[in-house]
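Okay, here's what each chain looks like letter by letter:
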Amino acid sequence: MKQINVSQITETVKKLCMDANYFLNEDIVDRFKKAKEEESFGMAKNIIDILMENADIAREEKMPICQDTGMAVVFVEIGQDVHITGGSIEDAINEGVREGYEEGFLRKSVVADPINRVNTKDNTPAIIYYNIVPGEDIKITVAPKGFGSENMSKIKMLKPSDGAAGVKKFVIDSVKEAGPNPCPPIIVGVGIGGTFEKAAFLAKKALIRPIDVENTNPYYADLEKELLEEINRLGIGPQGFGGRTTALSVNIETFPTHIAGLPVAVNISCHATRHAEACL
Amino acid sequence: MEKRITTPLNEEKVRNLKAGDNVLLSGYIYTARDAAHKRLVELLEQGGKLPFPIKDETIYYMGPTPAKIGHAIGSAGPTTSYRMDSYAPYLIRYGLRGMIGKGNRNSEVISAMKEYGAVYFGAIGGAGAKISKCIKSSEIICYEDLGAEAVRRLYVEDFPLVVIIDSNGGNYYEIGQREYLNSLNTD
């Protein structure tokens, strides 16, 4: 049985926290270039240029792309044949976040209690999702999530009769209502199906799929394209200053659901949709 | 064409700004976001004195990342402004002239801006690394216990901003989006 010491997990999480915050992923850089070509509006082109220049500065100087270096969302896929040694995996992940945010000059944005708000000063605890999978590897994805866009996210329990039209309307209305607040251009994570909390989880999960990879089901791949087209006809544009590029991508994830329900969650993310992965 | 403006502002400077104006702002500004606003307004409600003079000053809704050695500040882009909407009218009544952030404001804030003569600037959200280059100094002046949310006094040079809402209630989000949609119809 493969053994992985928790110190390796801490080191990995620490590095991923920094990498995710400094380096804008290539799929997003590529989509920016394409968006700029498709954009007819001068101000919108300027904003895209500024955001690309910002990403260059961040990469070169190892500086966070955005001051909101997020709450650390960590997805862990644990092979069922792995033996974790040396301590608690939960503690190891949080230690990685603590060290990554301190040594990486990242902002500590977590309060210990949602009502009686005192900053934990080390950005812990992380939000951790475990998944047990076949094999003997551990795959860790760190996705720091900023709250300017998180606050614009929504969930709704639609009726089965609402169907695709109801889903589309809810997604579009959510983007419209968010307007300039989440720093467009945005990436729209959509979770459809499951239960109340599963839909929200799927929407989050959709955001860590690269935007140049479409849903494997052709029906949902088409729905992603259709929604993106429609969102980019709203005119909100980069920063909300007008333009075509309101969204860079719509990523949909689905799951079977109950005969009585059609849960839909929309998790909005800005262009700094950060995620960094590693396999142990 | 960019307008060069220096802080402190005054009513005349503010009344001359129109939604959509590109501004390069220089001078001292203060940072405050959610937790600091709560404390500032509680102080005013209890008849206390603010920890910094607010008349004609500008507040930047921002909490930076820590500065690396040799840098004045870390990444330093705007946070979403509507969370400060329940506090901003108080501060405007006490003389606040300028706010820098991103996103929509509510009607109470806009009414106070019109009545007392205040302006709402937008900085580019998501460009925190680039914006840090025009911040030349930063010192914490109060609420250090709040960490990233402490109130800081910044010295900025040619900080690029757009007037989003002017002191007549003109709104650049509405103007810009209308212009774009009209540009499609005339093609």
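Residues numbered from 1 in each chain as written. Chains lettered and ligands numbered in written order. Predicted model: local features only at pLDDT ≥ 70, side-chain atom pairs only at ≥ 80, totals over all residues. Heavy atoms only, no water.

Let us now look at the overall build of chain B. Tallying secondary structure elements over chain B gives 6 helices and 7 strands in all. Projecting the C-alpha coordinates of chain B onto the three principal axes gives extents of approximately 55 × 40 × 25 Å. Residue pairs at least 24 apart in sequence account for 63% of intrachain contacts in chain B once pairs closer than 6 positions are excluded. When the accessible area of chain B is evaluated, it comes to approximately 7,700 Å², of which 48% is carbon and sulfur surface. (Helix = DSSP H or I, 4+ residues; strand = E, 2+ residues; numbered from the N terminus. Contact = heavy atoms within 4.5 Å. Areas by Shrake-Rupley, 256 points an atom, 1.4 Å probe, with all protein chains shown as cover.)

Summing up its helical and strand segments, chain A has 8 helices and 10 strands in all. Computed over the C-alpha atoms, the radius of gyration of chain A is 19 Å, within 12% of the 19 Å expected from 2.2 N^0.38 for a compact globule of 280 residues. Dimensions of chain A, computed from the C-alpha atoms along their principal axes, are close to 55 × 50 × 40 Å. Residues counted as buried form 57% of the 280 residues belonging to chain A. Here chain A displays about 11,600 Å² of accessible surface, and carbon together with sulfur accounts for 54% of that area. Measuring between centres, the 31 positive side-chain charges of chain A sit 5 Å from its 40 negative side-chain charges. (Rg over C-alpha atoms; globule rule 2.2 N^0.38 Å. Buried < 20%, exposed > 50% of the residue type's maximum accessible area, 1.4 Å probe, protein only. Lys, Arg positive; Asp, Glu negative; His and termini not counted. Charge placed at Lys NZ, Arg CZ, Asp CG, Glu CD.)

Moving on, we get to the side chain of Lys108(A). For Lys108(A), the location among the structural elements is in the loop between helix H4 (89–103) and strand S4 (127–133). According to the relative accessible area criterion, Lys108(A) is buried, its value standing at 13%. Looking at Lys108(A), its side chain comes within polar contact range of the main-chain oxygen of Tyr101(A), at 3.0 Å. Setting aside anything within four residues of it in sequence, one finds Lys108(A) in contact with Tyr101(A), Glu102(A), Asn119(A), Lys121(A), Asp122(A), Asn123(A), Pro66(B) and Ala148(B). (Polar contact = N/O pair within 3.5 Å; in protein donor to acceptor, adjacent residues only side chain to side chain.)

Taken together, the contacts link 44 residues of chain A with 45 residues of chain B. Taken together, the two surfaces of chain A and chain B that pack against each other cover about 3,400 Å², and 58% of this comes from carbon and sulfur. When the buried surface of chain A facing chain B is broken down by residue, Gln67(A), Phe105(A) and Phe241(A) rank first, second and third, together holding 20% of it. Between chain A and chain B we count 2 salt bridges in total. In terms of residues, the side of chain A that touches chain B owes the most to one element, helix H3 (residues 42–61) of chain A, which gives 9 residues. Here the side of chain A that touches chain B is built from residues that sort into 20 nonpolar, 15 polar and 9 charged. (Buried area = accessible area lost by both parts, 1.4 Å probe. Salt bridge = Lys/Arg side-chain N within 4 Å of Asp/Glu carboxyl O. Nonpolar A, V, L, I, M, F, W, Y, C, P; charged D, E, K, R; others polar.)

This part covers the packing of helix H1 (residues 6–22) of chain A against H4(A). A pair of packed helices is characterised by two quantities: the angle between their axes and the separation of those axes. Residues and elements named next belong to chain A. Contact pair H1 / H4: the axes reach a minimum separation of 7 Å and the direction vectors enclose 40°. Of the possible angle classes, the one that applies to H1 and H4 is oblique. H4 is crossed by H1, and the crossing has right-handed handedness. Listed contacts from H4 to Val6, Ile9, Thr10, Glu11, Val13, Lys14, Cys17, Met18 and Asn21 of H1 are Ile89, Ala92, Ile93, Glu95, Gly96, Val97, Glu99, Gly100, Tyr101 and Glu103. (Axes fitted to C-alpha atoms, helices over the stretch in contact; angles between N-to-C directions. Parallel < 35°, antiparallel > 145°, perpendicular 65-115°, else oblique. Left-handed = near helix turned anticlockwise from the far one by under 90°.)

Here the largest pocket is characterised by a volume of approximately 1,100 Å³. Considering the residues around the largest pocket, the lining is formed by 43 residues, among which Ser109(A), Arg117(A), Arg33(B), Asp34(B) and Glu149(B) are closest to the centre. Elements that contribute at least two residues to the lining of the largest pocket include exactly helix H5 (147–150) of chain A together with helix H2 (34–45) of chain B. Of all the elements, H2(B) adds the most residues to the lining of the largest pocket, at 5 residues. (1 Å grid on protein atoms, 1.4 Å probe; cavity = no way out; pocket = protein on both sides within 12 Å on 5 of 7 lines; lining within 4 Å. Points joined across faces, edges and corners; volume = space filled by probe spheres on them.)

A separate point is the pairing of strand S9 (residues 262–269) of chain A. Residues and elements named next belong to chain A. Taken across its 8 residues, S9 has 8 buried, putting it largely inside the fold. Here S9 shows no split at all, with Leu262, Val264, Val266 and Ile268 on one side and Pro263, Ala265, Asn267 and Ser269 on the other all buried. One ladder, built from 6 bridges, connects strand S7 (residues 186–194) with S9; its direction is antiparallel. Across the sheet, Gly189 pairs through a bridge with Asn267, a residue of S9. (Pairing = 2+ DSSP bridges.)

Residues and elements named next belong to chain A. At the junction of Thr124 and Pro125, the peptide bond is cis and its omega measures out at 0° in the coordinates. Mapped onto the fold, Pro125 is located in the loop between H4 and S4. With an omega dihedral of 5°, the bond running from Pro184 to Pro185 counts as a cis peptide bond. Of note in the backbone geometry, Lys121 takes a positive phi value of approximately 65° without being a glycine.

What follows covers the sheet that holds S9(A). Residues and elements named next belong to chain A. The strand order across the open sheet built from 4 strands is S6-S9-S7-S8, with neighbouring strands paired in mixed fashion. Edge positions in the sheet fall to strand S6 (154–158) and strand S8 (247–257), since each of these pairs with one other strand and no more. For this sheet, the mean angle separating the axes of adjacent strands, direction not counted, is 15°. Note that S7 and S8 share 9 bridges and pair parallel. In the sheet register, Val190 faces S8, and the bridge partner there is Ile252. Contacting S7 and S8, helix H8 (residues 218–231) crosses the sheet at an angle of about 140° to S8.

Bringing helix H2 (residues 26–38) of chain A into the picture now. All names here are of chain A. With 13 residues, H2 ought to run about 18 Å at 1.5 Å a step, and its terminal C-alpha atoms sit 19 Å apart, in line with that. Within H2, the full set of buried residues consists of Asp27, Ile28, Val29, Arg31, Phe32 and Ala35. Looking at the buried positions of H2, the neighbouring elements they touch are H3, S7, H8 and S8. (Expected span 1.5 Å × (residues − 1).)

Now for the side chain of Ser26(B). Residues and elements named next belong to chain B. Relative to the assigned elements, Ser26 resides in strand S2 (residues 22–31). With relative accessibility at 14%, the residue Ser26 sits in the buried group. If near-sequence neighbours (up to four positions away) are discounted, Ser26 is found in contact with Ile5, Thr6, Thr7, Val156, Glu157 and Asp158.

Side chains that are three or four residues apart share a direction in an α-helix, a result of its 3.6 residues per turn. All names here are of chain A. When the terminal C-alpha atoms of H4 are compared, their 21 Å separation across 15 residues agrees well with the 21 Å that a helix rising 1.5 Å per residue should span. Among the residues making up H4, those that are buried are Ile89, Ala92, Ile93, Asn94, Gly96, Val97, Glu99, Gly100 and Tyr101. Buried residues along H4 sit in contact with H1, strand S2 (71–79), strand S3 (82–85), S4 and strand S5 (138–145). Put simply, Ser88 is the residue that caps the front of H4, since its side-chain oxygen is 3.2 Å from the backbone nitrogen of Glu90. Just past H4, the residue Phe105 takes up positive phi, approximately 55°.

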